[in-house]
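Here is what each chain is made of, one letter per residue.
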Amino acid sequence: MTSDWKRPFLITPVKPSTKPRCLYLDRTVGIIGALAAAGTAGIFLWIIWDLVRLGLPNLSWTFLTGEVEEAGRAGGIGPLLVSTWWILVCCLAVAVPLGIGCAVWLSEFTRRGSWAGRWITGGIDLLASVPSIVFGLFGMTFFCQVLGLGFSILSGGLTLACMILPILVRTTLSALEGLPSDLRPGAAALGLTRTTTLARILLPTALPGILVGVTLGIGRALSETAALLFTSGYSTRWPQSLEDSGRALSVHIFDLAFNIPNGAANASATALVLLGMILVINFTATTLADHWMRRLSGSRL
Amino acid sequence: MKSTSRISVSGLSVRYGAHEAVRDVSLAIPDGKISALVGPSGCGKSTFLHALNRLTDLVPGCVVEGSIRLDDDLEITAPTTDVLALRRHIGMVFQKPNPFPQSIRRNFEIPLREHGVDRKEIPAIIERCLRDVGLWDEVSDRLDRSALQLSGGQQQRLCIARALALDPKVILFDEPCSALDPLASGVVEDHIAALRGRVTVVIVTHNLAQARRIADELAVFWVRDGAGTIVETGPASKTFESPTDPDAARYLSGERG
C-alpha cells in the first residue's frame, strides 16, 4: 500500500452527477446572450418595419425619377438621387486615392514609431473624432468661400472626403499592417522593387480590407447631413454640373421631417431608398471582396 | 585571391544599433558546393547570411562593415551596388515558407516579369524549376490555384523553385527545414543536396545531422566577447572529425549547444 500523502491529486475528485450546477450557470449566461442578440436584431427590424410601413406606400417609379414638388410633400426625388450620386463620386474620387496613399506611406515608407508617422496617425485619429457639423463649417468657409466653389456638389463632396479620410486611412493601414510579415523580405529577396511589391503583392492581398474601409466610408458619406447642409446646399433642381448646388437624400430627409409639415411620409420613403442604397453597396462590396479573394487564391469554395 | 570562391567575405562586421551581431568574420564560399553554417542560436549565422544579399538593408539601424565580394569583381557591400540585380544572382529561401498568397503561376510571374523575362518564356521556366524540386507532377494541373493550398513542404519547395527561376549563382537557405515535419524536411533536404554543382548553396542549419549529410564545407559560429564570429571552418568531413577549437569540438560532438 502506497502512503496516502504521495497521491498526485490535490483536489478530491467529485463523483460526476447528472445535474451539475455549472450547467445552470452556463445556460443562464447563454439565455442572457440570446436575449441581447434578439434585442439588437429587434431594434434593427423595428426601424426597418417603421420605414417600410410609412414609406413603402409612397414608393414608386415616379417617386424615384420625378422632380421634387411642394417642397417634397409631393413629387419624387429624382434630382436628389443624381445630386447624391455626384456628391459621392466627388468624395470618393478625392478620398480614396488620398487615404490609400497616406496609409501606404505610413505603412511602407516610414519607420514604425517615427515622429512623422506618430504625428500623422495622431492627427488622423483626432480628425475621426471631429463632429460632422464642424466639417460642415470648415467646408463652408474653405471650399465654398476661400476656394470660391460656392454651395455646390463639389464643395459637399470635398467636405465629405475630409470626413471619411480617417476611416479610409485607418482601415487601409490595418489591412496593410495585418499582412504576413514575411511577404516583404520574401519579395525583396527576389529582387522586387518596393513599388512592385506594393502593387503586385501587398495591395492585392490587402484589397478586401481596403474595400471594407471604402464601404464604411460610403455608408458614412451617404448618411451625412450636417456636413452637407452648408456645403452642397438645398437646391432640388436637376444639377447641371458639379458647380451646381444639389440636395443630398439625407438633407432631404432632414428637411422633410423637420421643416415641412406633412412631410413625414415622403421622408420615410426617401429614408427607405437611402437604406436600400447602403444595403446594395454593402452587398456589392462584400461580393467583390469575396470574388477577389477567390480569384487571388484560386480556390473554388 | 584568385580562386574558385564564389563569394569571399573578409573582415565582415554587422551591427544593429549598439548591438554587434557579427564581428570580423572572413569566409571563402566555394563555387558549386554546399557550405553549411552551424552554431547555437544568436551567434550571428542568420545575420551573416542576410548580409550576403544585402537583406540587412531592410533592418533599420543595421550597419555592415567589411568586404563581401561576388566572383572577385563585385563588391556587395558597396553603397553603389545594384541591390535588386544582386538579389537576382543571390537568392534566398527562408525558414518559414513564404509563397505570395496568389496562384502558383503568379508566384513565378511576378519576379520573372520584374526582371524583364519575356512572357512567352515563362511557362517553360515554371515547368523546369518545378521539375527541379519534384513539384511538377504534384501541381502541374493546378498552377492557377493558390500556393497557400499546398502543404508546408510543398510550399518550401515552391519557394526553392521560385528562387531557381531567376537563375541565381548562389542560393542562401536560412534554416529551410526547421518549420517542416521530418518527412517533408527530408524531401526538401534532398532537393537542396541535388543543387550541388549547379548552384552555390549556403545553408544555415540547427540540425547537425543534416549538415553532416549534405555539407561540403562547414563553418561553426560562436559568440566571442559578445559578438558572433566563426571559430572553425574547413571541409565538412575534416571539420566534423577533428575540429581544433574547443567550443566547436564540444558543439559538433553534441556535448554542448
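Residues numbered from 1 in each chain as written. Chains lettered and ligands numbered in written order. Predicted model: local features only at pLDDT ≥ 70, side-chain atom pairs only at ≥ 80, totals over all residues.

## What about the confidence of the model for chain B?
- Chain-level pLDDT for chain B is 91 on average; 98% of the residues reach the 70-or-more range.
- Interface confidence for the predicted complex, expressed as ipTM, amounts to 0.89; the pTM equals 0.82. (pLDDT = per-residue confidence, 0-100.)

## Comments concerning the pairing of strand 3 (residues 34-38) of chain B
Residue and element names in this part refer to chain B.
- Of all 5 residues in strand 3, 5 are buried; the element is thus mostly enclosed.
- A two-sided burial pattern is seen for strand 3, the buried positions comprising Ile34, Ala36 and Val38 on one face and Ser35 and Leu37 on the other.
- Relative to strand 8 (residues 200-204), strand 3 runs parallel, the two sharing 4 bridges. For Ser35, the partnering residue across the bridge sits in strand 8 and is Val202.
- Bridge count between strand 3 and strand 9 (residues 217-224): 4 bridges; the pairing is parallel. Across the sheet, residue Ala36 finds its bridge partner in strand 9, namely Leu218. (Buried ≥ 20, exposed ≤ 12 C-beta atoms within 10 Å, placed from the backbone. Helix = DSSP H or I, 4+ residues; strand = E, 2+ residues; numbered from the N terminus. Pairing = 2+ DSSP bridges.)

## Considerations on unusual backbone geometry
- Unlike most non-glycine residues, A:Asn262 shows phi in positive territory, near 65°.
- In this structure, A:Asn262 sits in the loop between helix 10 (249-258) and helix 11 (264-297).
- If you check the backbone angles, B:Glu175 has positive phi at about 50° while not being a glycine.
- Looking at the secondary structure, you find B:Glu175 in the loop between strand 7 (170-174) and helix 7 (182-193).

## Looking at the interface of chain A and chain B
- With 19 residues of chain A at the interface, the matching set in chain B holds 28 residues.
- Only helix 7 (183-189), helix 8 (194-222) and helix 11 of chain A provide two or more residues apiece to the side of chain A that touches chain B.
- For the side of chain A that touches chain B, the element with the most residues is helix 7 of chain A, which contributes 5 residues.
- In terms of residue class, the side of chain A that touches chain B is made up of 8 nonpolar, 8 polar and 3 charged. (Contact = placed C-beta atoms within 7 Å. Nonpolar A, V, L, I, M, F, W, Y, C, P; charged D, E, K, R; others polar.)

## Section: helix 8 of chain A
- For helix 8 of chain A, spanning 29 residues, the distance from its first C-alpha to its last is only 36 Å, which falls clearly below the expected 42 Å at 1.5 Å a residue.
- At A:Leu207, helix 8 of chain A shows its maximal kink, close to 55°; a proline, A:Pro208, follows between one and four residues later. (Expected span 1.5 Å × (residues − 1). Bend = angle between axes of the 7 residues up to and from the residue.)

## Brief notes about the packing of helix 4 (residues 122-132) of chain B against helix 6 (residues 152-165) of chain B
All names here are of chain B.
- Where helix 4 meets helix 6, the axes come as close as 8 Å, and the angle between the chain directions of the two elements is 130°. Viewed along their axes, helix 4 and helix 6 adopt a mutual orientation that is oblique. Two packed elements cross with a definite hand, and for helix 4 against helix 6 that hand is right-handed. Only Ala161, Leu164 and Ala165 of helix 6 make contact with helix 4, whose side of the interface consists of Ile125, Cys129, Leu130 and Asp132.
- Residues belonging to the contact of helix 4 with helix 6 are distributed by class as follows: 6 nonpolar, no polar and 1 charged. (Axes fitted to C-alpha atoms, helices over the stretch in contact; angles between N-to-C directions. Parallel < 35°, antiparallel > 145°, perpendicular 65-115°, else oblique. Left-handed = near helix turned anticlockwise from the far one by under 90°.)

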